[in-house]
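Residues per chain are reported as follows:
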Amino acid sequence: METLQGSQEQPDDIAALKTAADLLMEQARWSQALPLATRLLLAAPCDPSASYRLGTCLQRMGRPAEALPAFTHCLMHQGDHPGPGPLLRLGECLLATGHRDEALQCLDACVEISRSDPSHRHLQSAAAHLADRLRR
């Protein structure tokens, strides 16, 4: 993903964008959430949750190749502490675009990271199940 420059959005505007995008995403209204998620990423390019929202919209709209850079951007901005959610989603998108080995690396990383936090058990389970299917 290209280097993004933050826009002139105010913190309250960014919070409102997150809330609005989240509401649409909870309702699975991906095409309506997409412009908000895009605007959010432009407003807060270093906020991993912004690129995660964008990637999620694209993935759910059946555009995994376009979601790949968004999830990569998210993980890049998480630094040394990548989250299991973006790793799982990146793995799913890599798999959907024919990158099996890279997908397995992401899924295995998701499983390992999830082990340390019981609240991520569902992500660990999903990643482990998908990785097991790929290894068969």
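All figures in this text were calculated on a predicted structure; none of them were measured in a lab.

*Asks:* Could you clarify how one ought to interpret the overall build of the chain in this entry?
*Replies:* Scanning the chain for helices and strands turns up seven helices and zero strands. Sequence-ordered secondary structure for the chain, helices as α and strands as β, is α-α-α-α-α-α-α. Relative to the compact-globule value of 14 Å for 136 residues, the chain shows a C-alpha radius of gyration of 15 Å, a close match. Taken along the three principal axes of its C-alpha coordinates, the chain extends 50 × 30 × 30 Å. Within the span of the chain, comprising 136 residues, buried residues form 42% of the whole. Partitioning the intrachain contacts of the chain with sequence separation of at least 6 by distance along the chain shows that 52% fall at a separation of at least 24. Within the structure as shown, the chain displays about 7,400 Å² of accessible surface, and the carbon and sulfur contribution to it stands at 53%. Charge centroids of the chain, computed over 13 positive and 16 negative side chains, lie 8 Å from each other.

*Asks:* Would you take a moment to explain the nonpolar core for this structure?
*Replies:* The nonpolar side chains of a soluble globular protein tend to be buried with one another. L54, C57, L90 and L107 are the most contacted members of the largest nonpolar core, which has 37 residues in total. Secondary structure elements with two or more residues in this core: α1 (11-26), α2 (30-43), α3 (48-60), α4 (64-78), α5 (84-96), α6 (100-114) and α7 (121-135). Element by element, the count of residues in this core is highest for α2, at seven residues.

*Asks:* I would appreciate a short explanation of the packing of aromatic side chains in the present structure.
*Replies:* Aromatic ring pairs are reported here in terms of the distance separating the ring centres and the angle at which the planes meet. Tallying each qualifying case throughout the model produces one aromatic pair. Taking 5.7 Å as the distance between ring centres and 65° as the angle between the ring planes, the aromatic pair formed by Y52 and F71 counts as edge-to-face. Here Y52, found in helix α3, pairs with F71, found in helix α4; they are 19 residues apart in sequence, far enough to count as distant.

*Asks:* Just checking my understanding: could you explain the pattern of salt bridges for this structure?
*Replies:* A pair can form between side chains of opposite charge whenever their charged atoms are brought close. Applying the stated criterion across every chain yields a total of seven salt bridges. Among the ionic pairs, D47 bridges to K18, the shortest N-O distance being 2.6 Å. One end of the pair, D47, is in the loop between α2 and α3; the other, K18, is in helix α1, and 29 residues separate them in sequence. Residue D47 is classed as buried on the basis of its relative accessible area, which comes to 19%. Look at K18 and you get partly exposed, because its relative accessible area is 22%. Linking R100 and D101 is a salt bridge whose minimum nitrogen-to-oxygen distance equals 3.3 Å. Residue classification places R100 among the partly exposed positions, given a relative accessible area of 36%.

Thresholds applied
- Per chain, the residues get numbers from 1 upward, laid out in the order the sequence is written.
- Per-residue local features of the predicted model are confined to residues with pLDDT of at least 70, and side-chain atom pairs are confined, for both listing and counting, to 80 or more; whole-chain, interface and lining totals are unaffected and use all residues.
- Hydrogens and waters are ignored; side-chain quantities use all the structure's heavy atoms.
- Strands are runs of DSSP state E lasting at least two residues, helices are runs of H or I lasting at least four, and both sets are numbered from the N terminus onward.
- In this description the radius of gyration comes from C-alpha coordinates, and the expected globular size is given by 2.2 Å times residues to the power 0.38.
- Only protein chains enter the area calculation, which uses a 1.4 Å probe; residues under 20% of their type maximum are buried, those over 50% are exposed, and those in between are partly exposed.
- Any two residues having at least one pair of non-hydrogen atoms within 4.5 Å are treated as being in contact.
- The protein chains shown are the only cover counted for residues, whose accessible areas, like all others here, come from Shrake-Rupley with a 1.4 Å probe.
- The convention is simple: Lys and Arg are positive, Asp and Glu are negative, and His and the chain ends are not counted.
- For the purpose of locating charges, the reference atoms are NZ of Lys, CZ of Arg, CG of Asp and CD of Glu.
- Nonpolar cores are built from buried Ala, Val, Leu, Ile, Met, Phe, Trp, Tyr and Cys residues. Side-chain atoms within 4.5 Å join them into one set.
- By convention, a stacked pair of Phe, Tyr or Trp rings (six-membered ring in the case of Trp) has centres within 6.5 Å and planes under 30 degrees apart, an edge-to-face pair has planes over 60 apart, and any other such pair is tilted.
- Put simply, a salt bridge is a Lys or Arg side-chain nitrogen that is within 4 Å of an Asp or Glu carboxyl oxygen.

Purely spatial values, then, with no claim about function.
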